[in-house]
Amino acid sequence: MKVTIKLCVFACLFAGLIFMGCDDSSGGIDTGTEDDPEENNEGRLSNNTIKATVEGGDAYNNLVDEVLAYMGNYLIAECEYKNGGFELKLPANVTSNRLWDIGDYWEGWNWMGNITFNNPSAMLNGISLLAFKNGENVGTFSYYNHTATTRSEAYYLYVDADVTVNASEGYTFNFSVDLPLKKGWNEIFHEFSESSSGTSYTISMKKPSGIKWQLEYTGDNDDGPVMNDNKITAKVEYGNDYNGYINEVWAVLPYYDYNGGLWEDYIAAKGKYSNGGFTIELPSSVNSLYLLEIFFGNDWQGNFTVSDPSAKIGELNLLATDADGKYLGNFSYSYSDVRETSTSFSSKWIYLSFIYADKDVSANGSFSSQSSLLEYGGSLNISLKKGWNEVFFVFDSSYDYTTEYETIFQTITTTRKSGLEWGFYEWADDWKSTTSISMEKSMPFGMFNQSLK
């Protein structure tokens, strides 16, 4: 289930087209198939209206209240989100100041193959469908199907005149466009696939199989914790790609066997993976055998205090397994941002860790160190209750190319952070294990055992 670089590149191309715009009209819509006239109507455009039932959509009933259709920076339609879906009425006409000249719109695609159209005066643009809650953008709706080697997605394109767009025989791979667009809204489908016989990319009006309405939710859930009553519910980004590949999610606590001198794994709970996510309920208590004393490495020694040094904690790992119980990778609720200019580089990484404490305990402190080319430090401020807790790890770093000066700062806090998303991170082949996971892969706290000098 490895997505190649080419597939990622086209994911970016797809996203770029959405924000340029893309819309649909009953004039260019296949309303069904001969064998099953109703099958293609689900989620399709009819009478300028998109009716969508979102995969797992009821889970978002309290997280989304509106669906807004944007054409570039212009809001052109909106509707209520309810009962796991929406019904969006698009305007019958779009003014020319919202549209692109057809030549300009397709100009960026000519590197793939020679694109032609029979009406050079036609103008067009498309839409992005955004999820909102209390006036804040919390995600993007897409009508698509993703697998390890294929990607299919629908776009909604408005044109002000009939026009046919064609292309074939791409320069670097099999590329074809077949779009008999009609004036008004048209639904078009992008299909990208890779196989041993080569790579193909098609844009047409033929609906691919398996395509469903899905929401990429990016809200920060500030209205409540990720874990409720010891239960973790996760909707994974592009999570439907892993349906059938991931069988179960195991909540694992690594612990040290003082007698045997080995790191072992304690499986605290298991949950099924389905519909692009999982729910897992953690035990209300954990045997102290599987817990460790609080320790943050040499840099922190003497610089932090613990309210009760006898307290023990355990840090949870959420691992994906196949039907045979083999570890495939891990899940993380995290956020990352990397920025680079000609003179500097900076990054921020935040992730949420679920930590069990055998008693109420707090820990506070900081450390810092500086040399001619490096400054690094850390800040610790956590207050744990007996039971399961949410702790946020924040890593900030920057580097100046001119002065070669680097700064690294680490924060551990129980103060909530926003903007995090659930993701699946597949291990490389040489990481996969049929037995236990190593300490290095299992203990984020272990990062603080390593000097950054």
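Residues numbered from 1 in each chain as written. Predicted model: local features only at pLDDT ≥ 70, side-chain atom pairs only at ≥ 80, totals over all residues. Heavy atoms only, no water.

Enquirer: Just give me the short version of the packing of aromatic side chains, but keep the residues and values in it.
Expert: Enumeration over the complete set of coordinates arrives at 26 aromatic pairs. Plain terms: the ring middles of Phe 86 and Phe 141 are 5.0 Å apart, the flat faces sit at 55° to each other, and that makes the pair tilted. Here Phe 86, found in strand S5 (residues 85-89), pairs with Phe 141, found in strand S10 (residues 136-146); they are 55 residues apart in sequence, far enough to count as distant. As far as burial versus exposure is concerned, Phe 86 and Phe 141 are alike and both buried. What links up through ring pairs into an aromatic cluster is the set Tyr 242, Tyr 273, Phe 278, Phe 331, Tyr 333, Phe 354, Trp 422 and Phe 424. Over the face of the ring belonging to Tyr 74 we find Arg 98, whose NZ or CZ atom lies 3.7 Å from the ring centre. Taking NZ or CZ as reference, Lys 270 lies 4.2 Å from the ring centre of Trp 250, over its face. (Phe/Tyr/Trp six-rings, centres within 6.5 Å; stacked < 30°, edge-to-face > 60°. Helix = DSSP H or I, 4+ residues; strand = E, 2+ residues; numbered from the N terminus. Buried < 20%, exposed > 50% of the residue type's maximum accessible area, 1.4 Å probe, protein only. Lys NZ or Arg CZ within 6 Å of the ring centre and 35° of its normal.)

Enquirer: Help me get a handle on the nonpolar core, residues and values and all.
Expert: In this structure, Ile 232, Phe 278, Leu 316, Leu 318, Phe 331, Phe 354 and Trp 422 are the most contacted members of the largest nonpolar core, which totals 36 residues. Ranked by size, the runner-up nonpolar core spans 35 residues in total, among them Leu 63, Ala 69, Cys 79 and Met 123. (Core = buried A, V, L, I, M, F, W, Y, C linked by side-chain atoms within 4.5 Å.)

Enquirer: Please give an account of the side chain of Gln 214 that cites residues and values.
Expert: Looking at where Gln 214 falls in the secondary structure, it is placed in strand S16 (residues 212-217). Assessed through its relative accessible area of 7%, Gln 214 is described here as buried. Within polar-contact distance, the side chain of Gln 214 engages the side chain of Asn 240 at 2.6 Å. Not counting residues up to four positions away in its chain, the partners in contact with Gln 214 are Val 54, Glu 55, Thr 140, Phe 141, Ser 142, Tyr 144 and Asn 240. (Polar contact = N/O pair within 3.5 Å; in protein donor to acceptor, adjacent residues only side chain to side chain. Contact = heavy atoms within 4.5 Å.)

Enquirer: Let's hear about the environment of Val 236: which residues, and what values?
Expert: Within the element layout of this structure, Val 236 appears in the loop between strand S18 (231-235) and strand S19 (248-257). When its relative accessible area of 6% is taken as the criterion, Val 236 is described as buried. Remark: the alpha-carbon pair of Val 236 and Gly 276, spanning 40 residues in sequence, is separated by 5.9 Å. Ignoring sequence-local partners within four residues, the contact set of Val 236 consists of Tyr 273, Gly 276, Gly 277, Phe 278, Phe 331, Trp 422, Gly 423 and Phe 424.

Enquirer: How would you sum up the pairing of S18? Please name residues and give values.
Expert: On S18, burial follows the alternation: Ile 232 and Ala 234 on one face are buried, whereas Lys 231, Thr 233 and Lys 235 on the facing-out side are not. When strand S17 (residues 227-228) meets S18, the two strands line up antiparallel, connected through 2 bridges. Along S18, the bridge assignment pairs Asn 228 with Lys 231. Where S17 folds back on S18, the antiparallel hairpin that results is connected by 2 residues, among which Asp 229 adopts a positive phi of roughly 50°. Note that S18 and strand S21 (residues 277-281) share 5 bridges and pair antiparallel. Note that in S21 the partner of Ala 234 across the bridge is Phe 278. (Pairing = 2+ DSSP bridges.)

What is shown is where atoms sit, not what they do.
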